[in-house]
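Close look at the chain arrangement
Spelled out, the chains give:
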Amino acid sequence: MTDADELRRRTRELLAAHPPADTERLDFLRARFDAGLAWVHFPEGLGGLGLPRSLQAVVDAELAAADAPDNDPRRIGIGLGMAAPTILQYGTEEQKERFLRPLWTGEEVWCQLFSEPGAGSDLAALGTRAVREGDDWVVNGQKVWTSSAHVARWAILIARTDPDVPKHRGITYFVCDMTDPGVEVLPLRQITGEAEFNEVFLTDVRIPDGRRLGEVGDGWRVAQTTLNNERVAIGGRRLPREGGMIGPVARTWRERPELRTHDLHQRLLKLWVEAEVARLTGERLSQQLVAGQPGPEGAGMKLAFARLNQEISGLEVELRGKEGLLYDDWTMRRPELVDFTGRDAGYRYLRSKGNSIEGGTSEVLLNIVAERVLGLPAEPRTDKDVAWKDLAR
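So, here's what we can say about the structure. (Residues numbered from 1 in each chain as written. Predicted model: local features only at pLDDT ≥ 70, side-chain atom pairs only at ≥ 80, totals over all residues. Heavy atoms only, no water.)

Digging into the overall build of the chain
When its secondary structure is counted, the chain shows 11 helices and eight strands. Computed over C-alpha atoms, the radius of gyration of the chain comes to 22 Å, within 12% of the 21 Å expected from 2.2 N^0.38 for 393 residues, which places it in the range of a compact globule. A total of 393 residues make up the chain; the buried ones form 51% of that total. Restricting the contact set of the chain to residue pairs at least 6 apart, pairs at least 24 apart contribute 71%. A total accessible area of about 18,600 Å² is found for the chain, and carbon and sulfur atoms account for 52% of it. (Helix = DSSP H or I, 4+ residues; strand = E, 2+ residues; numbered from the N terminus. Rg over C-alpha atoms; globule rule 2.2 N^0.38 Å. Buried < 20%, exposed > 50% of the residue type's maximum accessible area, 1.4 Å probe, protein only. Contact = heavy atoms within 4.5 Å. Areas by Shrake-Rupley, 256 points an atom, 1.4 Å probe, with all protein chains shown as cover.)

Take a look at the structure:
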């Protein structure tokens, strides 16, 4: 019996024991995790079976055919795409047991406390401090552009634990309880009218040393796992043909012939081809992930995602003419997820402006591709051997 046959058998046993039509959604998801069918490439006991990542499609197909509930991955994308792989690689056995199951089922939402007002593109310059006091770390600082902080229970956090060494050293990685005293979340209203992002103030927040990921001072290396997975999560999602931003534009073109011009036709054809190339490249990257952790290639995918979204949404506004200038709702909301294709053209155009900032700015990602993919000489860096406390700020 092949692994695929075994997975089909296990999935059908799950469906027989927990019929989706008669089982509460959360109960079904917990049972799926316990059966090792959440992410089959994870170890046994942690939602997986230690099988190749590519076999997840076998499970997903069986469950989709049975109309089984999913874990609403868009709502918990930071947990699934960033926290989980980092915890799996660097967490203790106790941390894996505690966090991975409620993370996957969506019972606990995660956010990412990385960027700061003075440390965005230059993340290693972060100034949030964590000082050891007995078995705890006392954290003080400010984080910014934090998606989902207003609904999150947990956060992945990097903080400076040693200011006497260069900036890429002396950083430590923690798991922060967002309900702890001293954690304050304030909304950041965006150009779309929503407050999908937040700023987070940390004042004497006590984090037990048992919620540290990796070694003290090794947080930058741990964070690279998170960042590489983040770029793949943002730019490397598997999509059907005409999935994503290109879909609404193509539908409008087909359904509204009166809007067509020769110039818009040429631009749409070019962007359609580029979107398809990006989609197929994402498929190839997904297949490469079967062999291991994502590397710098994810930076290239995220670059393409940002550029295409901005160009496609701009074309859609032009195609729709006066309609493209309309905006459906400026109401201040704090949404749990971003829906790029579920709202109108104006929203897509405005929201896509953030794509070249979030998840690593395009300028920084270009450097990563140049240095780590193409092997070009690195930019001169005069601060590599300077202690963080001595840097100009």
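A few points about helix 5 (residues 93-105)
For helix 5, built from 13 residues, the straight-helix expectation of 18 Å at 1.5 Å per residue is met to within 8% by its first-to-last C-alpha distance of 19 Å. At F99, helix 5 is bent by approximately 30°, the largest bend along its length, and proline P102 sits one to four residues beyond. Within helix 5, the full set of buried residues consists of Q95, K96, F99, L100, P102, L103, W104 and T105. Of the surrounding elements, those touching the buried residues of helix 5 are helix 2 (25-34), helix 4 (77-90), strand 1 (110-113), strand 4 (154-160), strand 5 (171-177) and strand 8 (212-213). (Expected span 1.5 Å × (residues − 1). Bend = angle between axes of the 7 residues up to and from the residue.)

Looking at the packing of helix 4 against helix 5
Between helix 4 and helix 5, the least distance of the axes is 10 Å, while the angle of their chain directions is 160°. Viewed along their axes, helix 4 and helix 5 adopt a mutual orientation that is roughly antiparallel. Between helix 4 and helix 5 lies a crossing whose hand is left-handed. Contacts from G79, L80, A83, A84, I87, L88 and Y90 of helix 4 reach helix 5 at Q95, K96, F99, L100, L103 and W104. Residue classes in the contact of helix 4 with helix 5 are distributed as 10 nonpolar, two polar and one charged. (Axes fitted to C-alpha atoms, helices over the stretch in contact; angles between N-to-C directions. Parallel < 35°, antiparallel > 145°, perpendicular 65-115°, else oblique. Left-handed = near helix turned anticlockwise from the far one by under 90°. Nonpolar A, V, L, I, M, F, W, Y, C, P; charged D, E, K, R; others polar.)

Details of the environment of G118
Inspection of the secondary structure puts G118 in the loop between strand 1 and strand 2 (129-133). G118 gets classed as exposed once you look at its relative accessible area, which sits at 67%. For the pair formed by G118 and W137, sequence separation is 19 residues and the distance between their alpha carbons is 22 Å.

Brief notes about the packing of aromatic side chains
Each aromatic ring pair is described using two quantities: the centre-to-centre distance and the angle formed by the ring planes. Enumeration according to the criterion identifies nine aromatic pairs in this entry. Seen from their ring centres, F99 and W110 are 5.4 Å apart, and the 85° between their planes marks the pair as edge-to-face. A residue pair is termed long-range when its members are at least 10 positions apart, and F99 in helix 5 and W110 in strand 1 qualify at 11 residues. Judged by relative accessible area, which is 2%, W110 ranks as buried. Three or more aromatic residues joined by ring pairs form one cluster here, namely F99, W110 and W154. (Phe/Tyr/Trp six-rings, centres within 6.5 Å; stacked < 30°, edge-to-face > 60°.)

Brief notes about the nonpolar core
Judged by nonpolar contacts, the single largest core of 32 residues is most densely connected at W39, I87, L100, W110, F114, I158 and Y173. At the level of secondary structure, the elements contributing two or more residues to this core comprise helix 2, helix 4, helix 5, strand 4, strand 5 and helix 6 (219-235). In terms of residue count, helix 4 provides more of this core than any other element does, six residues in total. In contact with W110, other than residues within four places in its own chain, are I78, G79, A83, I87, F99, L103, S148, A152, W154, A155, I156 and V175. (Core = buried A, V, L, I, M, F, W, Y, C linked by side-chain atoms within 4.5 Å.)

A closer look at the side chain of R75
Relative to the assigned elements, R75 resides in the loop between helix 3 (56-65) and helix 4. From its side chain, R75 meets the backbone oxygen of G106 in a polar contact 2.9 Å long. Apart from residues no more than four positions distant in its own chain, R75 is found in contact with G106, V109, E336 and L337. (Polar contact = N/O pair within 3.5 Å; in protein donor to acceptor, adjacent residues only side chain to side chain.)

Considering the environment of V222
Looking at the element boundaries, V222 is found in helix 6. Counting along the chain gives 50 residues from V222 to T172, while the straight-line C-alpha distance between them is 8.4 Å.

Considerations on the pairing of strand 5
The side chains of a regular strand alternate between the sheet's two faces. Across the seven residues that make up strand 5, a large majority, seven, are buried. Here strand 5 shows a buried face lined by I171, Y173, V175 and D177 and a second buried face lined by T172, F174 and C176. Strand direction decides the pairing type here: strand 4 and strand 5, joined by seven bridges, are antiparallel. Bridge assignment links I156 to a residue of strand 5, and that residue is V175. Here two bridges tie strand 5 to strand 8, and the two strands are oriented antiparallel to one another. Among the inter-strand pairings, Y173 is bridged to a residue of strand 8, identified as L213. (Pairing = 2+ DSSP bridges.)

Here's the deal with helix 11 (residues 362-373)
All of the buried residues in helix 11 are S362, L365, I368, V369 and A370. Taken from the residues just after helix 11, G375 is the one with a positive phi, measuring 75°.

Regarding the pattern of salt bridges
Tallying each qualifying case throughout the model produces 44 salt bridges. Salt-bridge contacts for R75 lead to E336; the nearest nitrogen and oxygen are separated by 3.9 Å. Note that R75 is positioned in the loop between helix 3 and helix 4 and E336 in the loop between helix 9 (297-320) and helix 10 (345-351), a separation of 261 residues in sequence. A relative accessible area of 40% places E336 in the partly exposed class. Among the charged side chains, a salt-bridge network with shared partners connects R256, E258, E316, R320, E323 and R348. (Salt bridge = Lys/Arg side-chain N within 4 Å of Asp/Glu carboxyl O.)

Purely geometric stuff here, so don't read any function into it on its own.
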